[in-house]
Amino acid sequence: MSTLAPLRLLREPSNASEGNQSNTTVGASGGWCQGLDIPNELFLALGLVSLVENLLVVAAILKNRNLHSPTYYFICCLAVSDMLVSISNLAEMLFMLLLEHGMLVMRPSIVRHMDSVIDMLICSSVVSSLSFLGVIAIDRYITIFYALRYHSIMTLQRAVVTMASVWLASTISSTILIINFSSNTILLCLIGFFLFMLVLMLVLYIHMFALARHHLHSISSQQKPPTAHRGGSLKGAVTLTILLGVFFICWGPFFFHLILVVTCPTNPFCTCFFSYFNLFLILIICNSVIDPLIYAFRSQELRRTLREVVTCSF
């Protein structure tokens, strides 16, 4: 896939190209260094699936008043962020294809401005998506450990302030990133943000996992078999494991790529890893497809509303 300026720099840093020239023998010796040839159609298909899925989530939450709560508002914002990931990917793909096939003719200055707008949309969607994953983890933690005080802690006003703060911070940080995309300091800040979110989710979800395990142990020590409660606790523990696994698998390779861009851009093994950048983008888009299945579609109320939305559409 052809990428725009900052993403092209991340895929193959300028100093890495010099390293490639000086290590051609090492690079040529491994076939795995050739990367993967991912067709544009796959990017388009995943982007469309993600767009439809998340659009349905947003429509269902807006339609059903029973879903007008901070928890579902956060899920709605995550769906909007994932939609932006899909829209930015589709916009970038179509823009580049039209330019490459001569169907769209623009002055270089306009192309640069379009580059900046699309790249800012991409970066903003990535940052906001990561942020709302963290916000949802905090919200679930409060729901479990402070259930009786949840409505006094997570008021609608605080939820609105949290959502507005995330969107504002995402827009400002993405603008700074696009303006200074060649600076390693900016990349380090982005890496640090990902590691912070990873540690935050690990701590919160492991604590919740420990609580689910404690419930299972308490139930097992009793003589009577409350299978429904035990099944619910086990289901919650499995869900938390899936959440962490999907988050790490989908986001980890991209940010590991950024770490290598900063630490070893000319190393031949790092440059081989750079050749799989499109695969890492595919994983991020896959995360936008998987998020609704984990966070939204598990709700029976939301699934019922989704059926109504789909039925009314046809």
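Analysis parameters
- Residues numbered from 1 in each chain as written.
- Predicted model: local features only at pLDDT ≥ 70, side-chain atom pairs only at ≥ 80, totals over all residues.
- Heavy atoms only, no water.
- Core = buried A, V, L, I, M, F, W, Y, C linked by side-chain atoms within 4.5 Å.
- Buried < 20%, exposed > 50% of the residue type's maximum accessible area, 1.4 Å probe, protein only.
- Helix = DSSP H or I, 4+ residues; strand = E, 2+ residues; numbered from the N terminus.
- Contact = heavy atoms within 4.5 Å.
- Phe/Tyr/Trp six-rings, centres within 6.5 Å; stacked < 30°, edge-to-face > 60°.
- Axes fitted to C-alpha atoms, helices over the stretch in contact; angles between N-to-C directions.
- Parallel < 35°, antiparallel > 145°, perpendicular 65-115°, else oblique.
- Left-handed = near helix turned anticlockwise from the far one by under 90°.

Glancing now at the nonpolar core. Counting 75 residues, the largest nonpolar core has Phe247, Trp251, Tyr295 and Leu302 as the members making the most contacts within it. Considering each element in turn, this core owes the most residues, 12 residues, to helix α10 (residues 227–263). Setting aside residues up to four positions removed in sequence, Phe247 forms contacts with Leu130, Leu133, Phe194, Met197, Leu198, Met201 and Gly252.

This paragraph deals with the side chain of Ser86. You can see Ser86 is positioned in helix α5 (residues 70–100). Apart from the residues lying within four places of it in its own chain, the contact partners of Ser86 are Gly47, Ser50 and Leu51.

This brings us to the packing of aromatic side chains. The full count for this structure, using the stated rule, is 9 aromatic pairs. Plain terms: the ring middles of Phe254 and Phe255 are 5.2 Å apart, the flat faces sit at 90° to each other, and that makes the pair edge-to-face. Across this residue pair, the class does not change: Phe254 and Phe255 are buried. With 5.1 Å between their ring centres and 90° between their planes, Phe256 and Phe273 make a pair best called edge-to-face. With Phe256 in helix α10 and Phe273 in helix α11 (residues 268–274), this residue pair connects regions lying 17 residues apart in the sequence. Of the aromatic side chains, those joined through ring pairs into one cluster are Phe194, Phe247, Trp251, Phe254, Phe255 and Phe277.

Next up on the list: the packing of helix α4 (residues 40–63) against α5. It is the contact of α4 with α5, at a shortest axis distance of 8 Å, that shows an interaxial angle of 150°. Classified by the interaxial angle, the pair formed by α4 and α5 is roughly antiparallel. In the packing of α4 onto α5, the handedness of the crossing is left-handed.

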